[in-house]
Amino acid sequence: MTVLVDRPLAAKPRRPARDPFLDLLRVAGMALVVLQHWTMPVLAYDGVRLTTGNALSTPGVWVVTWISQVMPLVFFAGGAANAISFGRSGPSPQAWVAVRLRRLAWPLLPLAAVWIPLPHVLLTLGVPEQPLEVGARLTGQLLWFLAVYLLAVTATPYALRLHERYGWRVPATLAAGAVLTDVARFSTGFEPVGYLNIVFVWLAVHQLGFFYAQGRLRRPWALAAGGFAAAALLVSQGPYPGSMIGLPGAEVSNMAPPTLAVLAVGLGQVGLAVLLRPWLLKLSSGRVLAWAGPRIMTAYLWHMPALFAVTGVVVVLLGVDTPAPGSAGWFAGWPVWLGLLCLVMWPLLKCFARFETPPALPYGTAGVGGTLAAAGLVGGGVLTLTVGGFAPGTGPFLAVLALVGGLLLTAPRAMRPAPAQ
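Owing to the predicted nature of the structure, the values given are computational and were not obtained by experimental measurement. Sequence order as written defines residue numbering, which begins from 1 separately in each chain. Since the coordinates come from a predicted model, pLDDT governs what is reported: local features require at least 70, and pairs of side-chain atoms require 80 or more to be given and counted, while whole-chain, interface and lining totals use all residues. Side-chain calculation: all heavy atoms of the structure are included, whereas hydrogens and water are not.

Side note on the overall build of the chain
Reasoning step 1: Only DSSP runs of H or I reaching four residues or more are called helices, and only runs of E reaching two or more are called strands; each is numbered from the N terminus. When helices and strands are counted, the chain shows 18 helices and two strands.
Reasoning step 2: The C-alpha atoms of the chain give 22 Å as radius of gyration, which agrees with the globular expectation for 421 residues (22 Å, within 12%).
Reasoning step 3: The dimensions of the chain, computed from C-alpha atoms along their principal axes, are 75 × 55 × 50 Å.
Reasoning step 4: Within the chain, the proportion of its 421 residues that are buried is 48%.
Reasoning step 5: Here, residues are in contact when the closest pair of their heavy atoms is within 4.5 Å. Considering only contacts within the chain whose residues lie at least 6 apart along the sequence, 84% involve residues at least 24 apart.
Reasoning step 6: In the form shown here, the chain has an accessible surface area of approximately 19700 Å², with 69% of it arising from carbon and sulfur atoms.
Reasoning step 7: A gap of 19 Å separates the mean positions of the 27 positive and 12 negative side-chain charges of the chain. Within these notes, the globule rule equals 2.2 Å times the number of residues to the 0.38 power, and the radius of gyration is based on C-alpha atoms. Exposure categories follow from relative accessible area, calculated using a 1.4 Å probe and restricted to protein chains: below 20% of the type maximum is buried, above 50% is exposed, and the middle band is partly exposed. All accessible areas in this document rest on Shrake-Rupley with a 1.4 Å probe, and a residue is counted as covered only by the protein chains that are shown. For this count, His and the chain ends are skipped, Lys and Arg are scored as positive, and Asp and Glu as negative. To locate a charge, take NZ of a lysine, CZ of an arginine, CG of an aspartate or CD of a glutamate.

So, the pattern of salt bridges
Reasoning step 1: What makes a salt bridge here is a side-chain nitrogen of Lys or Arg within 4 Å of a carboxyl oxygen of Asp or Glu, nothing more. Using the criterion set out here, one finds four salt bridges in the structure.
Reasoning step 2: Residue D19 pairs with R277 through a salt bridge whose shortest N-O separation is 3.2 Å. One end of the pair, D19, is in the segment before α1 (20-39); the other, R277, is in helix α13 (residues 277-283), and 258 residues separate them in sequence.
Reasoning step 3: Since its relative accessible area comes to 4%, D19 is described here as buried.
Reasoning step 4: The partly exposed category is assigned to R277, whose relative accessible area is 22%.
Reasoning step 5: Note that E191 and R185 form a salt bridge whose closest N and O atoms lie 2.9 Å from each other.
Reasoning step 6: For E191, a relative accessible area of 33% puts it in the partly exposed group.
Reasoning step 7: Taking the relative accessible area as the measure of exposure, R185 reaches 1% and is therefore buried.

What to know about the side chain of T154
Reasoning step 1: Within the secondary structure, T154 is located in helix α8 (residues 144-166).
Reasoning step 2: Here a polar contact is recorded for every N or O atom pair within 3.5 Å, except that within protein the pair must consist of a potential hydrogen donor and a potential acceptor, and residues adjacent in sequence are included only if both atoms are side-chain atoms. A distance of 2.8 Å separates a polar atom in the side chain of T154 from the backbone oxygen of L150.
Reasoning step 3: Each residue touching T154, except ones within four places of it in the same chain, is listed here: V97, L101, L372 and A375.

Some details on the packing of α1 against helix α15 (residues 296-317)
Reasoning step 1: Between α1 and α15, the least distance of the axes is 10 Å, while the angle of their chain directions is 5°. One finds that α1 runs roughly parallel with respect to α15. Touching R26, V27, M30, V33, V34, H37 and W38 of α1 are I296, A299, Y300, H303, M304, A306 and L307, all from α15.
Reasoning step 2: Ten residue types, Ala, Val, Leu, Ile, Met, Phe, Trp, Tyr, Cys and Pro, are classed as nonpolar, four, Asp, Glu, Lys and Arg, as charged, and the remainder, Gly among them, as polar. Tallied by class, the residues present in the contact of α1 with α15 amount to 11 nonpolar, two polar and one charged. Orientation is described by lines fitted to C-alpha atoms, with helices fitted over the stretch in contact, and by angles between N-to-C directions that extend from 0 to 180 degrees. Under this scheme an angle from 65 to 115 degrees is roughly perpendicular, one under 35 degrees roughly parallel, and one over 145 degrees roughly antiparallel; angles in between are oblique.

Let's talk about the packing of aromatic side chains
Reasoning step 1: Here the aromatic set is Phe, Tyr and Trp, taking the six-membered ring for Trp, and pairing holds for ring centres within 6.5 Å; pairs whose planes are under 30 degrees apart are stacked, those over 60 apart are edge-to-face, and all others are tilted. The tally for this structure, following the rule as stated, stands at 19 aromatic pairs.
Reasoning step 2: Counting every residue linked through ring pairs, the aromatic cluster contains F75, W144, F145, Y149, W202 and Y300.

Digging into the layout of surface pockets
Reasoning step 1: A cavity here means a set of 1 Å grid points, computed over protein atoms only, where a 1.4 Å probe fits but cannot escape. A pocket is an open set with protein on both sides within 12 Å along at least 5 of 7 lines, and lining residues have an atom within 4 Å of a point. Grid points are joined across faces, edges and corners, and a volume is the space filled by probe spheres set on the points. Computed from the structure, the second largest pocket encloses a volume of approximately 960 Å³.
Reasoning step 2: Looking at the second largest pocket, it is lined by 30 residues, and the ones nearest its centre are R18, R26, R103, Y149 and G293.
Reasoning step 3: If you list the elements that add at least two residues to the lining of the second largest pocket, you get α1, α3 (71-88), α4 (93-105), α8 and α15.

As for the confidence of the model for the chain
Reasoning step 1: Values of pLDDT, the confidence the predictor places in each residue, fall between 0 and 100. Looking at the chain as a whole, its pLDDT mean stands at 89, while 92% of the residues score no less than 70.
Reasoning step 2: Note that residues 1-13 has pLDDT below 50 and, in this model, 41 contacts with residues that lie over four places away or in other chains.
Reasoning step 3: Counting contacts from residues 414-421, a segment whose pLDDT is below 50, to residues more than four positions away or on other chains yields zero contacts.

Re a nonpolar patch on the surface
Reasoning step 1: For patch detection, residues must exceed 30% relative accessible area and be free of salt bridges, and they are connected within 9 Å for like charges or within 5 Å for nonpolar side chains (Val, Leu, Ile, Met, Phe, Trp, Tyr). A cluster of nonpolar side chains, namely I67, W221, L272, L275, L276, W279 and L283, defines an oily patch on the protein surface of about 710 Å² accessible area.
Reasoning step 2: Elements represented by at least two residues in the nonpolar patch include exactly α12 (260-275) and α13.
Reasoning step 3: Note that L283 resides in helix α13.

See below:
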């Protein structure tokens, strides 16, 4: 067997190879992620411990998260882009998966090369241990998206086959799985069962991207109205909080694990984005998208280290705590805070954006088993960093070994001597 699945003919995209709308969703989505992560921390340091709060915990502000929680749109855009790319690729699905694995895993190596030794170096220089541990852990924990997206990428050849055969029944089945998972979670109180929704929720939104890629995502107004209405009903009647991000002290999070409510908001966002597509494209700048597109992964991986660098100087070293969210001091200081973060982020983009493109080598094509093993190793490495971050210990080393092992499975084949004539 030399392929993961038979290539679905009906799933080939009708849209152009490069859809600027998908580029816009990915760039704008990542920009909102960065802006939200830079804006929402409420930080204070008492000389020993760095405490972290969330500005979105302010009463009534949770409604902002129905737009600012853009992960559903990112998965939707990824699904559409994967369908288009897969439909135009060669005859080997496992080669397509291997290319995606290299693009996702390669930029992690410089991040690990910096963050594995950095905590040890900073500790010897006298940096307080607790704030450093907070930064090292959160840098890895925010890689959860990459771990889930690796799952979606690996499943794409199979998901497209299901899409060709069953169409709308696939996302409907995934949504039903999300319903049953939440029923089991909230009726039994057994929280771990909720993590099944990592598959059901995110793959359902990813699957919607296939319909967009084929030009079959019709009546987006109905999707937008239905999604947001369902989310409002769930929040008002069910056990779901209004915020679509996890907040400190909340009994239930819509994101860890994901819930039916965040799926409903995601459907509303997708419908609204597709409905506004012509207007959004008119407002977008092709030059900005062309510049930002090749730097998306770098911004995702390095925006939290930039935040910790500024926090270390402003909050820990200088003792300037975050003003109360919504106060005059908070609004007056926000442009300065954002400016400092941008100043730190700019050289990081200049330095590490080059790693978004893996080395151009004469890669061989692994079989099904080798490709799945590579995906498992890369996913395991990312998951290890998600759970433990880069805090000192054996975890980061094991994660890097798994990443390197997965990359080696997609490495060039050794040259074999030609058979004797």
